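# Chains, contacts and geometry: an overview
The lines below spell out each chain.
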Amino acid sequence: MKAIRRGVGTRDKPTLVPSAFESRLMGCQCHDDSTHINYIWLHRGPPQRCACGYYYQLVYQPVFEAAKPPCD
């Protein structure tokens, strides 16, 4: 799985997290020197705030054609 680089992360400009589903479990390494990851559930809708203060927003992205199983 590819990591998503954290953007500005403000309420007005949250880091966008793609998903083909209504919700997604996401891990946030709140600080560069952290030895643990904070996990939060993101749901489609308004931006959500992590415990460290950064905002994330789940956005719809369809499943890639290459990832879909072949139809026979």
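Residues numbered from 1 in each chain as written. Predicted model: local features only at pLDDT ≥ 70, side-chain atom pairs only at ≥ 80, totals over all residues. Heavy atoms only, no water.

### Regarding the environment of Glu-22
As for its position among the elements, Glu-22 is in the loop between strand S1 (15-19) and strand S2 (23-28). In this structure the C-alpha to C-alpha distance between Glu-22 and Arg-44, which are 22 residues apart in sequence, comes to 5.6 Å. If we ignore the near neighbours within four places in the chain, the residues touching Glu-22 are Leu-42, His-43, Arg-44 and Leu-58. (Helix = DSSP H or I, 4+ residues; strand = E, 2+ residues; numbered from the N terminus. Contact = heavy atoms within 4.5 Å.)

### Notes on the side chain of Thr-15
Among the secondary structure elements, Thr-15 is positioned in strand S1. The class for Thr-15 is buried, based on a relative accessible area of 5%. Apart from residues lying up to four places away in sequence, Thr-15 is in contact with Ile-4, Arg-5, Arg-6, Gly-7, Val-8, Gly-9, Tyr-55, Tyr-56 and Gln-57. (Buried < 20%, exposed > 50% of the residue type's maximum accessible area, 1.4 Å probe, protein only.)

The values reported here are purely geometric and, on their own, carry no functional implication.
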